[in-house]
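Chain by chain, the residues:
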Amino acid sequence: MQRIRLRYTKRGRLRFTSHRDFQRAFERALRRAEVPMAYSAGFTPHPKVSYANAAPTGTGSEAEFLEIALTEHRDPETLRVLLDESLPAGLDITDAVEARTSGLADRLTASVWELRLDGVPVDDARKAVDAFLAAETVEVQRKTKNGVRTFDTRSAVAELVADRPQGDPQGDRPADDACAILRLVVRHVTPAVRPDDVLSGLRAVADLAPPVPAAVTRLAQGLFDEESGTVTDPLAPDREAVTAAATTAAATAPATAPEAGPA
């Protein structure tokens, strides 16, 4: 059985698709691309697809990950192209690598988010960010299926900055003179701290209340490096393992004996 790990996006209007919607679209793409999927056992077999830490509905993303299991060997890049062509624009397969290591989900320990706050002056956003970062704890409340829960958002935020917009590549929000961009790195903790929780925290400490809902995009997710404060590519260990295996195979391959010439 071969395992392939894929990175995909949710862009533009497709950010409003739910995780269940994406599952259905992806399984149709698997059939269109004639991918030799492995199936689970039991009375209702289903394709072996593992999703890791999917973004909430309404949130754009450049860094979603999943893993599929195949019954036949396929080239990852060829498979990526076939699946990308079988999905609607906005749900794009941007990377594929053969899984050579374990624990993909364990390498998703933090996310980099971008929040576009239309109608919010940059100076107001920066003052709110300073107040948030200066606080030891910033408690917010969220309604869950077990009732209202109170938790701290400050401890999960490793980085938070406010800046001016540098353009809107997704084109799903109009330009506005009064607009601030928040970029934050959030650790994946329990309970999970979402971008909207951080906005609630900014409202609590600095009364920052955007007049329209924020446009939220996940730019990256992966292993958080405490020393550099960066989020690393979770597929990098698999690429390195594939490269190392290819190098070892080439080094140990027996030399081809030269053909004997005519007598």
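Being a predicted model, the structure only gives us computed values, none of them experimental.

Enquirer: Help me understand the pattern of salt bridges in this model?
Expert: Side chains bearing opposite charge may pair, as long as their charged atoms lie close to each other. Under the defined criterion, the tally for this structure stands at 19 salt bridges. Note that arginine 5 and glutamate 67 form a salt bridge whose closest N and O atoms lie 2.7 Å from each other. Taken together, the residues span a long stretch of sequence, with arginine 5 in strand β1 (residues 2–10) and glutamate 67 in strand β3 (residues 60–70) at a distance of 62 residues. Note on accessibility: arginine 5 and glutamate 67 belong to one class, buried. Across the pair arginine 11 and glutamate 62 runs a salt bridge, and its minimum N-O distance is 2.8 Å. Of this pair, arginine 11 sits in the loop between β1 and α1 (19–32) while glutamate 62 sits in strand β3, placing them 51 residues apart in sequence. We classify arginine 11 as partly exposed; its relative accessible area is 31%.

Enquirer: Would you mind going over α1 with me for this structure?
Expert: Quick reminder: α-helices carry 3.6 residues per turn. Residues three or four places apart thus point the same way. Given a rise of 1.5 Å per residue, 14 residues ought to cover 20 Å, and the 20 Å separating the end C-alpha atoms of α1 matches this to within 8%. Of all the positions in α1, only Phe22, Ala25, Phe26, Ala29 and Leu30 are classed as buried. All buried residues of α1 lie within an arc of 145° about the axis, which places them on one face of the element. Opposite the buried face of α1, by more than 90 degrees, sit the exposed residues Arg20 and Arg31. If you follow the buried residues of α1, they end up packed against β1, β2 (49–52), β3, α2 (76–86) and β4 (93–98). The positive-phi residue at the C-terminal boundary of α1 is glutamate 34, with phi of around 55°.

Enquirer: Please explain the nonpolar core as it appears in this structure.
Expert: As a rule of thumb, nonpolar side chains are buried together in soluble globular proteins. With 26 residues, the main nonpolar core has Leu115, Leu117, Phe132, Leu160, Leu182, Leu184 and Leu202 as its most contacted residues. Put simply, the parts of the chain that give this core at least two residues each are β5 (110–118), α3 (122–134), β8 (157–163), β9 (179–187) and α4 (195–206). Top contributing element to this core by residue count: α3, with 5 residues. With near-sequence residues (within four places) excluded, leucine 160 lies in contact with Val129, Phe132, Leu133, Leu182, Arg183, Leu184 and Leu202.

Enquirer: Looking at this model, I keep getting lost on α3. Mind explaining?
Expert: For α3, built from 13 residues, the straight-helix expectation of 18 Å at 1.5 Å per residue is met to within 8% by its first-to-last C-alpha distance of 18 Å. Turning to α3, the residues buried within the fold contact β8, β9 and α4.

Enquirer: Is there a simple way to explain the packing of aromatic side chains in this structure?
Expert: The description of two aromatic rings rests on the distance between their centres and on the angle between their planes. According to the stated counting rule, one finds 3 aromatic pairs in the structure shown. Taking 6.2 Å as the distance between ring centres and 80° as the angle between the ring planes, the aromatic pair formed by phenylalanine 22 and tyrosine 51 counts as edge-to-face. Note that phenylalanine 22 is positioned in helix α1 and tyrosine 51 in strand β2, a separation of 29 residues in sequence. Here phenylalanine 22 falls in the buried class, since its relative accessible area comes to 2%. Each residue in the set Tyr8, Phe22, Phe26 and Tyr51 is aromatic and connected to the rest through ring pairs, giving one cluster.

Enquirer: For this particular structure, what's the right way to read unusual backbone geometry?
Expert: Residues other than glycine predominantly adopt negative phi, and peptide bonds predominantly adopt the trans conformation. Along the chain, threonine 190 connects to proline 191 via a cis peptide bond; the corresponding omega equals 0°. Its location among the elements puts proline 191 in the loop between β9 and α4. The phi torsion at glutamate 34 lies on the positive side, around 55°, for a residue other than glycine. Here glutamate 34 is to be found in the loop between α1 and β2. Exposure remark for glutamate 34: the relative accessible area of 67% places this residue in the exposed category. Here aspartate 207, not a glycine, exhibits a phi torsion of approximately 55°, which is positive. Judged by relative accessible area, aspartate 207 falls into the exposed class, the value being 63%.

Definitions and limits used
Residues numbered from 1 in each chain as written. Predicted model: local features only at pLDDT ≥ 70, side-chain atom pairs only at ≥ 80, totals over all residues. Heavy atoms only, no water. Salt bridge = Lys/Arg side-chain N within 4 Å of Asp/Glu carboxyl O. Helix = DSSP H or I, 4+ residues; strand = E, 2+ residues; numbered from the N terminus. Buried < 20%, exposed > 50% of the residue type's maximum accessible area, 1.4 Å probe, protein only. Expected span 1.5 Å × (residues − 1). Arc of directions from axis to C-beta. Contact = heavy atoms within 4.5 Å. Core = buried A, V, L, I, M, F, W, Y, C linked by side-chain atoms within 4.5 Å. Phe/Tyr/Trp six-rings, centres within 6.5 Å; stacked < 30°, edge-to-face > 60°.

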